[in-house]
Amino acid sequence: MLFKSSKINEFRLWGLLLTMLGMGLMVLGTAGIVFWGQSGRIVAAIGLVVGLISMMGSLGIYFWAGMLSTTAVQLECPECHKLTKMLGKTDRCMFCKTILTLDPSKATITADEIELQQSEAAQNIKMN
């Protein structure tokens with residue numbers, strides 16, 4: 001569960017990775033001039049072009065994730081009680097990574113059972 005995340009966060013992660021890759025390629029390409037002089041200009045040109053393409057891909061992914069985020073269903077996580085966004089029929093909480101679903105056929109516990117557990121827990125607290 002360490003590497004599981006919500007779908008929107010996965011898109012943002014790939015955007016960040018492409019940004020870092022693009023910046024790294026640009027820096028390493030420019031360093032080619034320092035190491036190899038005039039013949040390093042070809043390495044610099046290739047690094048800058050590939051880095052620019054990677055940065056543009058990152059821009060596209062961030063834009064796409066932002067557009068998906070505006071239409072995502074917002075709901076309260078039953079575990080951490082924070083407002084999270086959900087894409088598709090199943091997703092994970094953005095904060096505690098609990099698996100969430102809106103499809104009753106895929107749910108292992110229903111909303112009524114969650115409310116029942118919460119009311120039982122509240123009664124146990126009052127009794128103690």
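Model, not experiment: these values are computed from the prediction. (Residues numbered from 1 in each chain as written. Predicted model: local features only at pLDDT ≥ 70, side-chain atom pairs only at ≥ 80, totals over all residues. Heavy atoms only, no water.)

## Let's talk about the overall build of the protein chain
Within the protein chain, the secondary structure is distributed over 3 helices and 4 strands. For 128 residues, the compact-globule estimate of 2.2 N^0.38 gives 14 Å, and the protein chain exceeds it by more than 25% at 23 Å. If one aligns the C-alpha atoms of the protein chain with their principal axes, the spans along those axes are about 80 × 30 × 20 Å. Taken across its 128 residues, the protein chain has 22% of its residues classed as buried. Contacts spanning at least 24 positions in sequence make up 44% of the contacts within the protein chain whose residues lie at least 6 apart. (Helix = DSSP H or I, 4+ residues; strand = E, 2+ residues; numbered from the N terminus. Rg over C-alpha atoms; globule rule 2.2 N^0.38 Å. Buried < 20%, exposed > 50% of the residue type's maximum accessible area, 1.4 Å probe, protein only. Contact = heavy atoms within 4.5 Å.)

## Considering a nonpolar patch on the surface
On the surface, L16, M20, M23 and Y62 cluster together into a nonpolar patch covering about 370 Å² of accessible area. Of all the elements, helix α1 (residues 7-36) adds the most residues to the nonpolar patch, at 3 residues. Here M23 lies in helix α1. According to the relative accessible area criterion, M23 is partly exposed, its value standing at 41%. (Patch = residues over 30% accessible without salt bridge, like charges linked within 9 Å, V, L, I, M, F, W, Y side chains within 5 Å. Areas by Shrake-Rupley, 256 points an atom, 1.4 Å probe, with all protein chains shown as cover. Salt bridge = Lys/Arg side-chain N within 4 Å of Asp/Glu carboxyl O.)

## Some remarks on the confidence of the model for the protein chain
Per-residue pLDDT for the protein chain averages 87, and the proportion of residues at 70 or more is 96%. Within the protein chain, helix α2 (residues 41-71) carries the highest mean pLDDT (93), whereas helix α3 (residues 111-127) carries the lowest (79). (pLDDT = per-residue confidence, 0-100.)

## Re the environment of K97
Relative to the helices and strands, K97 resides in the loop between β3 (90-92) and β4 (99-101). For the pair K97 and I61, spaced 36 residues apart in sequence, the C-alpha to C-alpha distance is 22 Å.

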